[in-house]
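# Overview (structure and organization)
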Amino acid sequence: MRNGRALNHNLSFSKALLCTSRSYGSKGEGIKAKLEKVIPQQRDYFLGIKCLHGTTNIGTIPVNSVMGGMRGLPLLICLTSSLHPTKGIFYRGMPIKEVCAKLPRVKKGSSEGTPEGAFYFLTTGCMPTKEEAQDVTNEWNKRGKVPPFCLKMLDALDKKIHPMAQLSAASACLNMNSKFVEAYTKGAKRADYWKYIYEDSMNLIAMLPTVAAIIYTNVFKGGKGCRELNKDQDWSGNYSTMLGLPDDDFIDLMRLYMVIHADHESGNVSAHASHLVGSALADPFLCFSASMCGLAGPLHGLANQEVLVWLTKLRKAIGDDPSDDEIKKFIDDTLKGGQVVPGYGHAVLRDTDPRFTVQNEFAMKHCKDDPGVKLVTRLWKIVPEVLKKLGKVANPFPNVDAHSGVLLQHYCLMEMNYYTVLFGVSRALGVLAQLIWSRALGYPIERPKSISASDLCAFIRKADEGKDKKKKC
Ligand SMILES: CC(C)(COP(=O)(O)OP(=O)(O)OC[C@H]1O[C@@H](n2cnc3c(N)ncnc32)[C@H](O)[C@@H]1OP(=O)(O)O)[C@@H](O)C(=O)NCCC(=O)NCCS
């Protein structure tokens, strides 16, 4: 049977290769018309390869991993954080819940540790004292003035440009003042690169709250809003105030939000994009810009927006206090419509995301009677029951995105298509801490080898022949 399958496949290999290497379809056709003919064939062909030869190795790597987004391959080293399927995210070996509990509370009356402390911890591996975390705040307040050329560019952007595209553009333009570019041009030593990457990273992080708040006020508030950092505020306090939301509890939520969204190993799209671009020795402004382009994808950072859209539909359809059966029916209808339940599932996690749990604990403390919070808490019990019944969902439990939106809405941050910017501001801490270490350790330019369709065919033939020989022996 196996031989028969391999033979059939070898035949279709030749056919598929013909399609790619010779003219296909009638002469005089445009590119799109040709592609419309070739693509369905090639899709079937590659799907066939995955089905029949997914577990065949190319060298030591299974075809399934090569064709499946490089899943499961330990190809990167990340010093700042690690992800465990059931225990969740660890910063420097410490579970996120413990990190949240141990980070110093710098502001009087604050219930949450600061992202400044988290950045110190991610970067150095040492939990900062209150004074050390405060020093980071002071440093960011000193460095946080956004240069006029960037302000001018932000104000000139069409308000219809997505906030994430604006964030990426702003970061890219800030590379005009890159210390790394300046030092590299003057011939800095390779061993010293990290020092300039550190300077740029600190400057960029310091400017991000102002940049992100300007995007918000320009797009949603007619350009009116404060653009100056208050030296007495911390990073989250300044950001919240510039968003026009100076409530103490909201600032605490921002501290928590910025800490828990900061880092997620280095294989996720935003971190990997920054790592890849940085490996070519692009400066941190360009790396973060690339990272934000990845975060803007709906399978990555945009999911928090999707959750809220779904919850809004649910509340509109069955009200704020529906029965369990009504909720189950709504979930079934979502699935029958061919959609996923947003905020549930994960590529690596196999249990409730601890970042969901810490947000729920915050909600229970500050706003447990909020209808959105109540609903999200109930869904936490109901959705997994329904998803488990499908029998195919690897992780039926909630991820970080299932909770964040209702908390933001509770504090009147209503504009859903801005939510990924908040995520991005936080993610800067992780990806830039990683970047400093990538240059410190002198990681080389990233250059995975790609193989052609005929190489793939040759590998599979060889593997099949090997198996047949073994059988005969
Ligand atoms: C996060 C996600 C992209 C992970 O994808 P993945 O690793 O391929 O997930 P799985 O291995 O569990 O997928 C197996 C099947 O379960 C389905 N599935 C996974 N999560 C699901 C969900 N929340 N609702 C319905 N079906 C889901 C997948 O679509 C897939 O179905 P298919 O075989 O018909 O294509 C996926 O769980 C998802 O789409 N979740 C909703 C979006 C979301 O919350 N994203 C934010 C992630 S932090």
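Residues numbered from 1 in each chain as written. Predicted model: local features only at pLDDT ≥ 70, side-chain atom pairs only at ≥ 80, totals over all residues.

### A closer look at the pairing of strand β3 (residues 81–84)
When β3 meets strand β4 (residues 88–91), the two strands line up antiparallel, connected through four bridges. Residue Ser82 lies in a different strand from β4, and its bridge partner there is Phe90. (Pairing = 2+ DSSP bridges. Helix = DSSP H or I, 4+ residues; strand = E, 2+ residues; numbered from the N terminus.)

### Regarding helix α11 (residues 235–242)
Helical geometry: 3.6 residues make up each α-helical turn, so side chains three or four residues apart lie on a common side. Most of α11 is tucked away, with eight of its eight residues classed as buried. Every buried residue belonging to α11 is among Trp235, Ser236, Gly237, Asn238, Tyr239, Ser240, Thr241 and Met242, and all of these are buried. For α11, the secondary structure elements touched by its buried residues are α5 (115–124), α6 (130–143), α10 (193–220), α12 (248–260) and α20 (419–440). (Buried ≥ 20, exposed ≤ 12 C-beta atoms within 10 Å, placed from the backbone. Contact = placed C-beta atoms within 7 Å.)

### Observations regarding the site of the ligand
The full set close to the ligand counts 18 residues, and Ala303, Val340, Tyr344, Gly345 and Ala394 are the nearest of them. Partitioned by chemical class, the residues of the shell around the ligand number 11 nonpolar, five polar and two charged. (Near = placed C-beta within 6 Å. Nonpolar A, V, L, I, M, F, W, Y, C, P; charged D, E, K, R; others polar.)

### Concerning the sheet that holds β4
Spatially, three strands are ordered β3-β4-β5 in an open sheet, and the strand pairing comes out antiparallel. One side of each edge strand has no neighbouring strand; the edge strands of this open sheet are β3 and β5 (94–95). Pairing geometry for β4 and β5, over two bridges, is antiparallel. Across the sheet, residue Phe90 finds its bridge partner in β5, namely Pro95.

### Section: the confidence of the model for the protein chain
Taken residue by residue, the protein chain gives an average pLDDT of 92. The fraction at 70 or more is 94%. Predicted confidence is poor over residues 1–7, with pLDDT under 50, and the contacts of this stretch with residues over four places away or in other chains come to three contacts. (pLDDT = per-residue confidence, 0-100.)

### Some details on the nonpolar core
If you look at the biggest cluster of nonpolar residues, it comprises 108 residues, and the most contacted ones within it are Ala212 and Leu432. Ranked by the residues each element gives to this core, the list is headed by α10, at 16 residues. What Ala212 contacts, discounting residues up to four positions off in sequence, is Leu167, Tyr239, Val421 and Val425. (Core = buried A, V, L, I, M, F, W, Y, C linked by C-beta atoms within 7 Å.)

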